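Chain and residue survey
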Amino acid sequence: MIDRILDRLRDRYGPPSVHRRLAPLDELVLTILSQNTSDTNCERAYASMRARFPEWSDVRDADTADLEEALRPGGLARQKAPRIQAVLRELSADGGRPRLGWAAELAPADAMARLESLPGVGPKTASCVLLFSLDVPVMPVDTHVGRVARRLGLIPERMADGPAHAALTALVPDARMLEAHLLLITHGRRICVARRPRCGECPLLDLCPYGPSALGVAAAGGPSHLRLARGQEG
Ligand code: SF4
């Protein structure tokens, strides 16, 4: 089933373009910065921070107010500056420079657990670092991946995002993990959108337990009878 879904999404959208590849620590900090802001603002904040503090040890040891100022273009700088410094301190607890290369040497579940033990790092951030930076086959579940997976019945409707990471990681073949992540996001942005999924245009309609009822009710009287909020942003 999952291969059929991915094959059809690939036919519709084409092979997903290769994601940026950063060093693990860069990916971790960038993912923290991306929380609750746009990609553009996140990248501005990251560039501003790296220009002012070129080394991760510089970021760690900076006056927090100075780091906040550098991060201001990204929003939520007052929360993110101390969080990033706390993570960097944790990653240099041996007294050296902050390091994250050890994540590549651990089993995926152990690497996830170790990353999630860092301050403010949850399963989505941890799995982004492992998948994007180290090619470890774990599935990051963002709002689009979670919504599409729930509607398709790949995970239970009421399953929270935390357990959904493990469930989707187990479901998707390792070799297709990154492709699956990117295709599900594209599908969630273009067709299986949060409020009014365009099921009539969807290449997965015959595989989807949610789509036919959504279409039928929409035809019968509009979205007021639909549970269109099902699976939308959390
Ligand atoms: S049929 Fe509708 S609900 Fe199902 S995956 Fe497609 S767009 Fe989403």
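Residues numbered from 1 in each chain as written. Predicted model: local features only at pLDDT ≥ 70, side-chain atom pairs only at ≥ 80, totals over all residues.

**A look at the overall build of the protein**
Of the regular secondary structure elements, the protein holds 12 helices and 0 strands. In terms of C-alpha radius of gyration, the protein reaches 20 Å, essentially the compact-globule figure of 17 Å for 234 residues. C-alpha extents for the protein along the principal axes are approximately 65 × 35 × 30 Å. Taken across its 234 residues, the protein has 37% of its residues classed as buried. Sequence-distant contacts, at least 24 apart, represent 63% of the contacts inside the protein between residues at least 6 apart. (Helix = DSSP H or I, 4+ residues; strand = E, 2+ residues; numbered from the N terminus. Rg over C-alpha atoms; globule rule 2.2 N^0.38 Å. Buried ≥ 20, exposed ≤ 12 C-beta atoms within 10 Å, placed from the backbone. Contact = placed C-beta atoms within 7 Å.)

**Observations regarding the packing of helix α2 (residues 24-34) against helix α3 (residues 39-52)**
With their axes 9 Å apart at the nearest point, α2 and α3 run at an angle of 130 degrees to one another. Comparing the axis directions of α2 and α3 gives the class oblique. Where α2 crosses over α3, the two elements pack in a sense that is right-handed. In contact with Leu30, Leu33 and Ser34 of α2, α3 contributes Asp39, Cys42, Ala45 and Tyr46. (Axes fitted to C-alpha atoms, helices over the stretch in contact; angles between N-to-C directions. Parallel < 35°, antiparallel > 145°, perpendicular 65-115°, else oblique. Left-handed = near helix turned anticlockwise from the far one by under 90°.)

**A closer look at the site of the ligand**
Taken together, the neighbourhood of the ligand is formed by 15 residues, with Cys192, Cys199, Cys202, Cys208 and Gly211 sitting nearest. Only α9 (143-151) and α12 (211-221) provide two or more residues apiece to the shell around the ligand. Taken together, the residues that form the shell around the ligand break down as 12 nonpolar, 1 polar and 2 charged. (Near = placed C-beta within 6 Å. Nonpolar A, V, L, I, M, F, W, Y, C, P; charged D, E, K, R; others polar.)

**Re the domain arrangement of the protein**
Looking at the protein, the domain boundaries give domain 1 (2-15 + 140-225) and domain 2 (24-134). Distance from the C-alpha centre of domain 1 to the C-alpha centre of domain 2: 30 Å. With 8 residues of domain 1 in contact, the opposing surface of domain 2 contributes 5 residues. If you tally residues by element for the side of domain 1 that touches domain 2, the top one is helix α11 (residues 177-190), at 3 residues. (Domains from an automatic or database assignment.)

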